[in-house]
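If you want the building blocks of each chain, they are given just below.
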Amino acid sequence: MLPGLLQQARKHGVLCRVPRLTAAIRGFASSQSEMTVRDALNSALDEELARDDKVYVLGEEVGEYQGAYKITRGLLQKYGADRVKDTPITEAGFTGIAVGSAFAGLKPVCEFMTWNFAMQAIDQIINSAAKTLYMSAGKISCPIVFRGPNGAAAGVAAQHSQCFAAWYSSVPGLKVLAPYDSEDARGLLKAAIRDPDPVVFLENEIMYGQAFPVNAQVLDKDFTLPIGKAKVMREGKHVTLVSFSKMVGYCLKAADHLSKEGVHCEVVNLRTIKPLDKDTLLASIKKTHKMVTVEEGWPQCGVGSEIAALMQELAFDELDAPVLRVTGAEVPMPYAANLEAAALPQVDDIIKAVKKVLG
Amino acid sequence: MRSRGSSAMLAHVVKTIGAFGQVKDTSSATALAFSISCDRIDTSIRFYPCSIGPELWGMSLRRHLHFCSSQGQAAVSVGSPSSSTTDNFLEVPGGRLPYTSQLQFVGGSETPAPTIPCYRTIDSTGQDVPDAHVPYPISQELSLRMYTCMARLQTMDTMFYEAQRQGRFSFYLTCQGEEATNIGSAAGLDNKDMVFAQYREQGVLLWRGYTLEQFANQLLGNAKEPGKGRQMPIHYGSPELAYQTISSPLATQMPHAVGAAYAYKMDRISQVSVVYFGDGASSEGDAHAAFNFAAVLGAPVIFICRNNGYAISTPAHEQYKGDGIAGRGPTYGIPTLRVDGGDVRAVYNAVVAARARALGMPYNSGGVTSAPGTGGGGLGGGSETSLGPGPVLLECMSYRSGHHSTSDDSTRYRTSEEMRAWRARDPVARFRTWLVRRGWWDEAQEAALRRTTRVQVLEALDAAAQVPKPNLSTLFTDVYDTMPPHLEAQRAQALEFVRRNPSVCPSDVPIE
């Protein structure tokens with residue numbers, strides 16, 4: 001009853017100016033609470049560090065500084081410098097070290113300040129982490145998680161804004177995850193840390209501060225989400241919107257807007273980019289017969305390209321229209337706010353694409 | 001107990017804050033914020049960098065202050081812009097630096113750092129060097145074991161090289177000229193110490209028990225090959241023998257070795273990791289990161305640089321301008337030894353000592369502690385030593401007598417005189433001379449050993465050639481720990497296609 005009352009109160013603008021009181025009342029709500037994506041990731045790391053003493057975190061500023069984006073806040077104080085390691089500035093170095101320690105039996109969570117900087121370590125991720133199990137004929141495994149913010153933030157321009165989902169998702173031996181909300185963040189990170197294969201975990205800086213409702217099940221210390229399963233966020237019958245990470249939120253907004261015009265979109269949150277959940281996509285296309293993919297990354301060989309190829313290969317007869325892709329513009333990210341907005345998909349772009357595919 | 005410099009600094013700070021007042025808007029400048037706690041003042045102060053000396057800019061002030069306040073001192077004892085002239089040291093977050101009033105460059109061609117000398121105990125003619133320090137003498141049994149392994153390695157290399165030339169497999173590279181580095185180092189390690197090799201350390205595998213059959217199987221990529229035919233030749237690996245699978249990109253194995261050593265330290269296992277790399281590979285960024293990190297982490301890793309003078313066609317004097325790789329070690333804070341890589345006894349002694357040092361145990365004390373194979377003691381324990389575990393760097397100087405690989409013809413970039421001169425200093429011949437002088441070896445034994453080895457290598461190659469290739473259905477395994485549905489589907493499709501069109505599949509590749 002209390003949460004419902006709270007929702008009503010917030011809707012009517014009551015209690016908005018009394019945040020402390022709201023927070024206090026919220027604290028007493030037992031079945032539903034809100035959690036930011038940041039706290040979701042932090043709690044997941046905390047629980048996995050407690051659960052398995054082979055797990056450790058390393059990266060730049062993860063310890064004393066509490067994390068460049070505060071994802072690792074409090075962990076150094078709780079687990080000590082053996083489990084939360086601040087590293088010198090060398091992505092190639094600390095990634096290689098993390099990979100080597102994983103070969104030797106530890107379970108590192110290797111943080112990149114952003115995935116852009118991981119390009120300085122990409123050989124270690126691909127030639128060492130991804131391929132070694134195969135090259136060693138199954139003898140040497142690499143149970144590592146590489147994580148950090150991916151894609152565009154705001155006003156950080158070309159070398160801080162690239163989306164790497166497409167590149168990593170083409171590599172056999174890697175699993176690639178991209179959470180959207182707090183439930184995704186908790187469940188997928190915990191699953192990633194427990195997984196014996198190397199996992200690329202693509203977060204999003206803008207999403208860190210966003211809060212989402214989480215229930216007791218999500219907060220359970222053994223809550224995990226299955227890797228390789230997408231989630232249908234919203235059902236619909238006219239068109240399927242497929243996306244991951246921050247763009248899921250944009251798709252939901254577009255779906256809201258379109259529903260007022262009588263167009264009902266099914267919104268699929270991929271959650272896992274590799275291996276792609278073809279079954280969920282095929283089930284959806286059989287229902288709607290039209291699909292629009294949405295991603296921040298560049299168009300050529302993007303995630304949408306793979307999905308479009310799969311749909312026309314596997315469900316050609318189900319398609320009433322070509323699969324349309326909404327992507328970022330094919331330019332290095334500009335800095336000026338107006339140019340940046342023009343270079344990234346907006347809700348309007350998604351709406352336009354849906355209308356185009358509906359004819 | 002406050003130093004005089006720091007109380008002057010503190011006074012300066014307080015005065016500055018008084019002048020600036022309470023700082024609210026920091027968006028126009030980056031501010032350093034820290035807490036000062038001492039016996040009288042306990043204040044949070046926000047501070048503009050322009051009012052601190054340039055030596056503070058960009059440094060991790062936070063850590064230094066944390067250290068100082070935990071020592072019960074005034075936290076601000078950093079570089080003193082308004083210092084008196086009686087302070088003798090510059091205290092910075094990196095440590096304590098003495099001053100000099102002389103403008104004098106160190107290093108570079110005009111004022112080079114002293115060249116690190118090369119440790120050897122047997123000279124190039126196979127004679128004992130008088131008064132050589134040999135803390136770990138080699139018994140007749142160990143000497144013969146090392147020699148026979150070096151000779152077998154040399155014969156095996158020659159024959160496999162010839163086999164590639166005859167087209168039996170696609171690629172080979174020899175370690176000719178480096179047999180002493182390979183075998184001397186392998187003999188000095190514990191068999192459980194994890195080896196991260198580059199690609200010219202097949203002698204280490206041979207020492208640990210990899211058989212000629214296993215070598216031949218790997219080169220031919222057949223079904224008996226533990227690597228399931230996935231890797232190109234010479235990319236051996238053997239978890240049973242604690243030898244990581246060879247990976248082609250250079251120097252990436254260096255941070256791996258540091259990470260593995262860190263894992264042993266965390267797990268409190270008395271084990272080291274050992275990483276081999278060449279003079280060329282040491283130019284990679286990964287090498288720098290590995291050295292630096294190993295020292296910072298105190299990781300029990302032995303870095304063994306095989307400086308054989310060439311990186312394919314690039315001679316060492318074009319690879320670096322400093323004092324080789326050994327010259328770099330001390331500047332990273334790593335205990336370093338340069339060794340004559342053609343003297344197997346020197347290499348052996350260096351590695352045994354290095355291993356003890358890496359584990360933080362006493363070394364160099366005449367073989368009393370940590371002989372190889374005993375597994376050593378605890379990590380960094382023992383009352384006689386205050387050393388913790390940490391890295392050690394050995395640079396083994398030798399000469400790459402052979403070509404870089406079967407894809408190379410080194411006569412294009414080096415003279416035959418140079419090659420001839422080094423062949424005359426062949427480490428195998430040198431050690432043989434030493435053994436013969438002692439009466440531990442003779443011509444008859446030599447001839448028999450070489451003959452037997454040749455026969456064994458040929459037999460291994462012939463046997464390996466009879467074994468079929470790995471079957472097609474293994475193509476898709478081990479990509480992931482558990483085969484995911486999309487690969488299962490691809491595998492099923494591929495096998496189905498091959499069953500319907502058997503002529504597509506080569507005759508020596510079984511389907512399943």
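Rules used in this analysis
- Residues numbered from 1 in each chain as written.
- Chains lettered and ligands numbered in written order.
- Predicted model: local features only at pLDDT ≥ 70, side-chain atom pairs only at ≥ 80, totals over all residues.
- Heavy atoms only, no water.
- UniProt positions renumbered as here; feature names shortened; annotations may be inferred.
- Helix = DSSP H or I, 4+ residues; strand = E, 2+ residues; numbered from the N terminus.
- Buried < 20%, exposed > 50% of the residue type's maximum accessible area, 1.4 Å probe, protein only.
- Contact = heavy atoms within 4.5 Å.
- Areas by Shrake-Rupley, 256 points an atom, 1.4 Å probe, with all protein chains shown as cover.
- Pairing = 2+ DSSP bridges.
- Axes fitted to C-alpha atoms, helices over the stretch in contact; angles between N-to-C directions.
- Salt bridge = Lys/Arg side-chain N within 4 Å of Asp/Glu carboxyl O.
- Disulfide = S-S within 2.5 Å.
- Parallel < 35°, antiparallel > 145°, perpendicular 65-115°, else oblique.
- Left-handed = near helix turned anticlockwise from the far one by under 90°.
- Nonpolar A, V, L, I, M, F, W, Y, C, P; charged D, E, K, R; others polar.
- Buried area = accessible area lost by both parts, 1.4 Å probe.
- pLDDT = per-residue confidence, 0-100.
- Core = buried A, V, L, I, M, F, W, Y, C linked by side-chain atoms within 4.5 Å.

An unreviewed UniProt entry annotates chain B as Dehydrogenase E1 component domain-containing protein originating from Volvox africanus.

As annotated in an unreviewed UniProt entry, chain A carries the name Pyruvate dehydrogenase E1 component subunit beta and comes from Volvox africanus. Taken directly from UniProt, the Subcellular location (unreviewed entry) text for chain A runs: "Mitochondrion". According to its UniProt record, chain A has this under Catalytic activity (unreviewed entry): "N(6)-[(R)-lipoyl]-L-lysyl-[protein] + pyruvate + H(+) = N(6)-[(R)-S(8)-acetyldihydrolipoyl]-L-lysyl-[protein] + CO2".

Colleague: When you look at the overall build of chain B in this model, what are you seeing that I'm missing?
Modeller: The secondary structure content of chain B amounts to 15 helices and twelve strands. Put simply, chain B has 512 residues, and 50% of those count as buried. Taking as baseline every contact in chain B between residues at least 6 positions apart, the subset at least 24 positions apart corresponds to 71%. In the form shown here, chain B has an accessible surface area of approximately 23,600 Å², with 54% of it arising from carbon and sulfur atoms.

Colleague: So what exactly am I meant to see when it comes to the sheet that holds strand β8 (residues 301-307) of chain B here?
Modeller: Backbone-to-backbone hydrogen bonds join strands into a sheet, with any given pair of strands oriented parallel or antiparallel. Residues and elements named next belong to chain B. What the six strands build is an open sheet, ordered β5-β11-β12-β8-β7-β6; its pairing is parallel. Edge strands, defined here as strands with exactly one partner in the open sheet, are β5 (118-119) and β6 (194-196). Summarising the sheet, strand β11 (residues 336-340) and strand β12 (residues 392-397) pair through five bridges and their orientation is parallel. The partner of Leu337 across the bridge, within β12, is Leu394. Against the sheet, helix α4 (residues 179-188) contacts β7 (273-278), β8 and β12, and its axis sits at roughly 165 degrees relative to β8.

Colleague: Help me out: how do you make sense of unusual backbone geometry in this one?
Modeller: Residue and element names in this part refer to chain A. Of note, the amide linkage connecting Lys274 to Pro275 takes the cis form, showing an omega dihedral of -5 degrees. Position of Pro275 relative to the elements: it lies in the loop between β12 (272-274) and α13 (278-288). Positive phi is not limited to glycine here, since Cys301 has a value of about 60 degrees. The class of Cys301 is exposed, set by a relative accessible area of 60%.

Colleague: Sorry, what's going on with the pattern of salt bridges here?
Modeller: For side chains of opposite charge, pairing can occur when their charged atoms come near one another. Considering all chains together, one arrives at 43 salt bridges over all chains under this definition. Between Arg271 of chain A and Glu183 of chain A there is a salt bridge, and its shortest N-O distance comes to 3.5 Å. Of this pair, Arg271 of chain A sits in the loop between β11 (265-269) and β12 while Glu183 of chain A sits in helix α9 (residues 182-194), and the two are 88 residues apart along the sequence. The salt bridge partner of Asp478 of chain B is Lys228 of chain B, with a shortest N-O separation of 2.9 Å. Remark: Lys228 of chain B occurs in the loop between α6 (212-220) and α7 (253-266) and Asp478 of chain B occurs in the loop between α14 (443-466) and α15 (485-500); sequence separation between them is 250 residues.

Colleague: Could you clarify how one ought to interpret the state of the cysteines in this entry?
Modeller: By definition, a disulfide is the covalent link that joins the sulfur atoms of two cysteine residues. If you walk through the whole model with that rule in mind, you get zero disulfides over all chains. Not part of a disulfide, Cys110 of chain A finds its nearest cysteine sulfur in Cys142 of chain A, a span of 10.0 Å. No disulfide involves Cys175 of chain B; its sulfur sits 9.8 Å from that of Cys149 of chain B, the nearest cysteine.

Colleague: When you look at the side chain of Ser282 of chain B in this model, what are you seeing that I'm missing?
Modeller: Residue and element names in this part refer to chain B. Residue placement: Ser282 occurs in the loop between β7 and α8 (285-297). The class for Ser282 is buried, based on a relative accessible area of 5%. Once residues within four sequence positions are removed from consideration, Ser282 is found in contact with Phe277, Ala287, Ile325 and Arg328.

Colleague: Looking at this model, I keep getting lost on the packing of helix α5 (residues 91-103) of chain A against α8 of chain B. Mind explaining?
Modeller: Packed helices, taken two at a time, are described by the angle their axes make and the gap between the axes. For the pair α5 of chain A and α8 of chain B, interaxial distance at closest approach is 8 Å and the crossing angle is 65 degrees. When the axis of α5 of chain A is compared with that of α8 of chain B, the two are roughly perpendicular. Crossing of α5 of chain A against α8 of chain B: the hand is right-handed. Along its contact with α5 of chain A, which presents Ala92, Gly93, Phe94 and Ile97 of chain A, the element α8 of chain B presents Asp286, Ala289, Phe293 and Leu297 of chain B. Split into classes, the residues belonging to the contact of α5 of chain A with α8 of chain B amount to six nonpolar, one polar and one charged.

Colleague: How should I be thinking about the interface of chain B and chain A in this particular structure?
Modeller: When the parts of a complex come together, some accessible area is lost, and that lost area is often taken as the interface size. On the side of chain A, 46 residues touch chain B, which itself brings 36 residues to the contact. Taken together, the two surfaces of chain B and chain A that pack against each other cover about 3,500 Å², and 63% of this comes from carbon and sulfur. For the interface between chain B and chain A, the tally reads two salt bridges. For Glu240 of chain B, the salt bridge identified is with Lys139 of chain A, shortest N-O distance 4.0 Å.

Colleague: Got a minute to help me understand the confidence of the model for chain B in this structure?
Modeller: Regions with low pLDDT should not have their predicted coordinates read in detail. Residues and elements named next belong to chain B. In the predicted model, chain B carries a mean pLDDT of 83, and the fraction of residues at 70 or more is 79%. Scored below 50 in pLDDT, residues 367-385 shows 38 contacts in the model against residues more than four places distant or in partner chains. Across the whole predicted complex the pTM is 0.79, and at the interface the ipTM reaches 0.81.

Colleague: Would you explain the packing of α5 of chain A against helix α6 (residues 122-130) of chain A in this entry?
Modeller: Residues and elements named next belong to chain A. Contact pair α5 / α6: the axes reach a minimum separation of 9 Å and the direction vectors enclose 15 degrees. Classified by the angle between their axes, α5 and α6 sit roughly parallel to one another. Between α5 and α6 lies a crossing of right-handed hand. Taking contact as the criterion, the partners of Ala92, Thr95, Gly96, Val99 and Phe103 in α5 are, on α6, Gln124, Ile125, Ser128 and Ala129. Tallied by class, residues from the contact of α5 with α6 come to five nonpolar, four polar and no charged.

Colleague: Help me understand the environment of Met113 of chain A in this model?
Modeller: Residues and elements named next belong to chain A. The topology assignment puts Met113 in the loop between β4 (107-111) and α6. Classification of Met113 by relative accessible area gives partly exposed; the value is 23%. The contacts of Met113, once residues within four sequence positions are left out, are Glu60, Glu61, Ala68, Tyr69 and Pro149.

Colleague: Just checking my understanding: could you explain the nonpolar core for this structure?
Modeller: Within soluble globular proteins, side chains that are nonpolar generally end up buried alongside one another. With 83 residues, the main nonpolar core has Trp115, Ile125, Phe146 and Tyr168 of chain A together with Val258 and Phe303 of chain B as its most contacted residues. Looking at this core, the element that brings in the most residues is α7 of chain B, giving nine residues. Once you skip the residues sitting within four places of it in the chain, Phe303 of chain B turns out to touch Met254, Val258, Val275, Phe277, Ala290, Phe291, Ala294, Ile334, Pro391, Val392, Leu393 and Leu394 of chain B. Counting 78 residues, the second largest nonpolar core, distinct from the first, contains Tyr147, Ile183, Leu205 and Ala353 of chain B.

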